[in-house]
Amino acid sequence: MRIRIRHETTYRYLEPAKSAIQHLRLTPRNFDGQHVKDWRIDVDRDCRLMSSEDAFGNIVHRFTADGPFDSITTMVEGDVTTFDTAGVASGALERFPPALYLRETPLTAPSPAIVDFARAAARGESGALAALHALLSAIYDRMEFDADATHAATTAAESFDHGKGVCQDFAHLFIACARAIGAPARYVSGYYLRTDGDAQVAGHAWAEAYAPNLGWVGFDPAHGVSPGERHVRLAVALDYLSAAPIRGARAGGAGETMEIKVRVAPAQTQSQSQSQ
């Protein structure tokens, strides 16, 4: 499937900002599940984009913009061809052994209730992969999607107690559960092609867990499925903070607000006819 993505983020300030620096994890990489056809980044300020890789192998662009300015907009746009790999993330760049992804973070630390929930869901399953799919189903059945129930700093334990959250919370909870049963797990940021075709106010997130003899496998607890052709993978990390699409700092710029517009749609194919 060929998918066209346009992701626009605008920061506005009641008082002009003197300067701003941003780090962008907004460029997908090729692996067996996707091939990036074209991709570009635009910033509506006079700045230079510097490209590098972070510790996890994600592509990072950074820039510094000098003000004063009362808004700054970053836009990424491109085409990605995706393939159904049954959720297996083979062919991806790997910088660390799987054991690193057993490391807890404040956002993914399992509470005693999460540990009990994970062990109960996985009990009786034969093998790591079956246990992970059992966790996927259990989380999907228990949690309710609610965009107003949590915020960016909500932990897995907090969203589990509420029984509500967004895709970020579902991913953190899956990671906490997987690690609680001894499976390395990590956070994945990206995009999802919805069937309704409506504009979105955020990207998407899911998790990957390591299954022996198979490798990294994706699990999307917000939809109760493994990632397929409708998923575009951006970045991986221990949790949201290390994989966030945009992080930065500014001087001045009191009264900051942020607006996000995301459009994920099937790419339009063009055919040409020749006259004779």
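Residues numbered from 1 in each chain as written. Predicted model: local features only at pLDDT ≥ 70, side-chain atom pairs only at ≥ 80, totals over all residues. Heavy atoms only, no water.

## Some details on the overall build of the protein
Across its full length, the protein holds 5 helices and 12 strands. Here the C-alpha radius of gyration of the protein, 19 Å, is about what a compact globule of 276 residues would show, namely 19 Å. In terms of overall dimensions, the protein has C-alpha extents of about 65 × 60 × 35 Å along its principal axes. Evaluated residue by residue, the protein yields a buried proportion of 50% over its 276 residues. (Helix = DSSP H or I, 4+ residues; strand = E, 2+ residues; numbered from the N terminus. Rg over C-alpha atoms; globule rule 2.2 N^0.38 Å. Buried < 20%, exposed > 50% of the residue type's maximum accessible area, 1.4 Å probe, protein only.)

## A few points about the confidence of the model for the protein
Within the protein, residue pLDDT values average 93, and 96% of them lie at 70 or more. Counting interchain partners and residues more than four positions distant, the pLDDT-below-50 stretch residues 270-276 has 0 contacts. (pLDDT = per-residue confidence, 0-100. Contact = heavy atoms within 4.5 Å.)

## What to know about the environment of E77
Locating E77 in the fold gives a position in strand β4 (residues 59-82). Counting along the chain gives 187 residues from E77 to V264, while the straight-line C-alpha distance between them is 9.9 Å. Sequence-distant contacts of E77, defined by excluding residues within four places in its chain, comprise R4, I5, R6, D38, W39 and R40. Among the polar contacts made by the side chain of E77, one reaches the side chain of R4 at a distance of 3.5 Å. Side-chain polar atoms of E77 contact the side chain of R40, separated by 2.9 Å. (Polar contact = N/O pair within 3.5 Å; in protein donor to acceptor, adjacent residues only side chain to side chain.)

## Comments concerning the pairing of strand β7 (residues 185-192)
For a regular strand, side chains alternate in direction, first toward one face of the sheet and then toward the other. Burial analysis of β7 places 8 of its 8 residues in the buried class, which makes it a mostly covered element. A two-sided burial pattern is seen for β7, the buried positions comprising A185, Y187, S189 and Y191 on one face and R186, V188, G190 and Y192 on the other. In this sheet, strand β8 (residues 204-211) lies alongside β7 in antiparallel orientation, the contact comprising 6 bridges. Note that in β8 the partner of Y187 across the bridge is A207. Alignment of β7 against strand β10 (residues 231-237), held across 6 bridges, turns out to be antiparallel. Residue pairing in the sheet places V188 in a bridge with V236 of β10. (Pairing = 2+ DSSP bridges.)

## Section: the pattern of salt bridges
Within the structure shown, the criterion is met by 18 salt bridges. Put simply, E94 and R186 hold a salt bridge, and the shortest N to O gap is 2.9 Å. Placement of the pair is E94 in the loop between β4 and α1 (112-122) and R186 in strand β7, with a sequence separation of 92 residues. On the accessibility criterion, R186 (0% relative accessible area) is buried. One salt bridge connects E208 with R233, and the closest N-O pair in it is separated by 2.8 Å. You can see E208 sitting in strand β8 and its partner R233 sitting in strand β10, a full 25 residues away along the chain. R233 shares its class with E208; the two are buried. One salt-bridge network, held together by shared partners, links R2, R4, R6, E8, D38, R40, D42, E77 and D79. (Salt bridge = Lys/Arg side-chain N within 4 Å of Asp/Glu carboxyl O.)

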